Amino acid sequence: MITREQIPAVLDHPVYDTDGNKIGEAKHVFLDDATGRPEWVSVKTGMFGTSESFVPIQDATMVEDHLEVPFAKDKVKDAPNVDVDSGGHLSEDEEHRLYEHYGIDWDAAWTQADQPGADGWARTGDVGMHSREGTDASGDAMTRSEEQMHVGTERQETGRVRLRKYVVTEEVQRTIPVRHEEVRVEREPITDANRDAAMSGPDITEAEHEVILHEERPVVETKTVPVERVRLTAEERTDEETVTGEVRKEKIESDTPDDMRDR
């Protein structure tokens with residue numbers, strides 16, 4: 001349970017759900033009129049906090065610098081729309097719808113509130129009336145409030161890039177020299193130098209001599225070799241964007257009688 005003394009630590013601090021998901025920022029705490037205990041907290045949700053949802057705070061706890069509520073993020077974001085600036089109070093219909101949304105038994109809460117010293121949802125005779133911390137006006141003094149715009153960033157996935165390797169076939173041409181043998185008939189006269197070799201055979205006979213010819217032919221062979229490594233890296237760049245919003249503020253003026261203005 002959150003106490004009144006913990007309210008400053010709650011306001012403008014993150015609110016998380018039971019699974020550790022951030023819901024938004026706590027903006028207002030509503031107190032029970034009868035007991036003065038914190039009963040509801042409004043949470044700014046959505047892009048740049050454009051929506052505000054009500055969450056029961058009875059079973060919430062402060063964990064370090066944030067508030068944890070026993071409800072899922074989607075449950076809180078889908079809560080019935082309630083006018084936060086409705087005079088600092090929740091109407092009976094608004095509170096009834098919130099109880100129903102969060103599964104809190106309306107009749108059981110009313111019965112428990114009638115028990116002296118009950119530690120549950122304390123009630124008043126006027127069901128659903130709650131005061132908002134810091135907006136009261138009493139005596140001859142009045143508190144002036146205004147809205148402040150807080151601009152932040154939200155990280156979102158914009159796309160995915162992947163590397164894909166596939167095989168293509170290209171035709172490659174290379175020119176290489178190839179050699180081959182050709183037959184050439186050489187005739188030489190009989191001389192004293194070759195006479196003995198020429199006369200070593202029979203005088204007249206038939207003979208046959210064979211010469212084997214050779215040639216080179218191109219041979220194609222492929223071999224796989226690594227040529228480069230390719231990787232993806234994400235570079236973070238900072239741009240500036242101008243965000244426009246509307247904020248409201250209260251102004252105080254006095255209605256002074258005419259006979260007192262010149263004094």
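Residues numbered from 1 in each chain as written. Predicted model: local features only at pLDDT ≥ 70, side-chain atom pairs only at ≥ 80, totals over all residues. Heavy atoms only, no water.

A cluster of nonpolar side chains, contributed by Met149, Val151, Val243 and Val247, occupies part of the molecular surface with about 320 Å² of accessible area. Note on placement: Met149 falls in the loop between strand S7 (130-132) and helix H5 (195-198). For Met149, a relative accessible area of 44% corresponds to the partly exposed category. (Patch = residues over 30% accessible without salt bridge, like charges linked within 9 Å, V, L, I, M, F, W, Y side chains within 5 Å. Areas by Shrake-Rupley, 256 points an atom, 1.4 Å probe, with all protein chains shown as cover. Salt bridge = Lys/Arg side-chain N within 4 Å of Asp/Glu carboxyl O. Helix = DSSP H or I, 4+ residues; strand = E, 2+ residues; numbered from the N terminus. Buried < 20%, exposed > 50% of the residue type's maximum accessible area, 1.4 Å probe, protein only.)

To find leftover empty space, one rolls a probe the size of a water molecule over the atoms. Estimates place the volume of the second largest pocket at around 850 Å³. Lining of the second largest pocket is provided by 22 residues; of these, Thr153, Glu154, Arg155, Gln156 and Arg237 occupy positions nearest its centre. The residue inventory of the lining of the second largest pocket, partitioned by class, reads 6 nonpolar, 6 polar and 10 charged. (1 Å grid on protein atoms, 1.4 Å probe; cavity = no way out; pocket = protein on both sides within 12 Å on 5 of 7 lines; lining within 4 Å. Points joined across faces, edges and corners; volume = space filled by probe spheres on them. Nonpolar A, V, L, I, M, F, W, Y, C, P; charged D, E, K, R; others polar.)

A word on the packing of aromatic side chains. In this structure the tally under the stated criterion is 3 aromatic pairs. Between the aromatic rings of Phe30 and Phe54, the centroid separation amounts to 5.0 Å while the plane-to-plane angle is 55 degrees, which identifies the pairing as tilted. Of this pair, Phe30 sits in strand S2 (residues 22-32) while Phe54 is found in strand S4 (residues 51-56), placing the two residues 24 residues apart along the sequence. Each of the two residues, Phe30 as well as Phe54, counts as buried. Relative to Tyr99, the ring of Trp40 lies with its centre 5.8 Å away and its plane at 65 degrees, an arrangement referred to as edge-to-face. With Trp40 in strand S3 (residues 38-45) and Tyr99 in helix H3 (residues 92-101), this residue pair connects regions lying 59 residues apart in the sequence. Judged by its relative accessible area of 0%, Trp40 falls in the buried class. (Phe/Tyr/Trp six-rings, centres within 6.5 Å; stacked < 30°, edge-to-face > 60°.)

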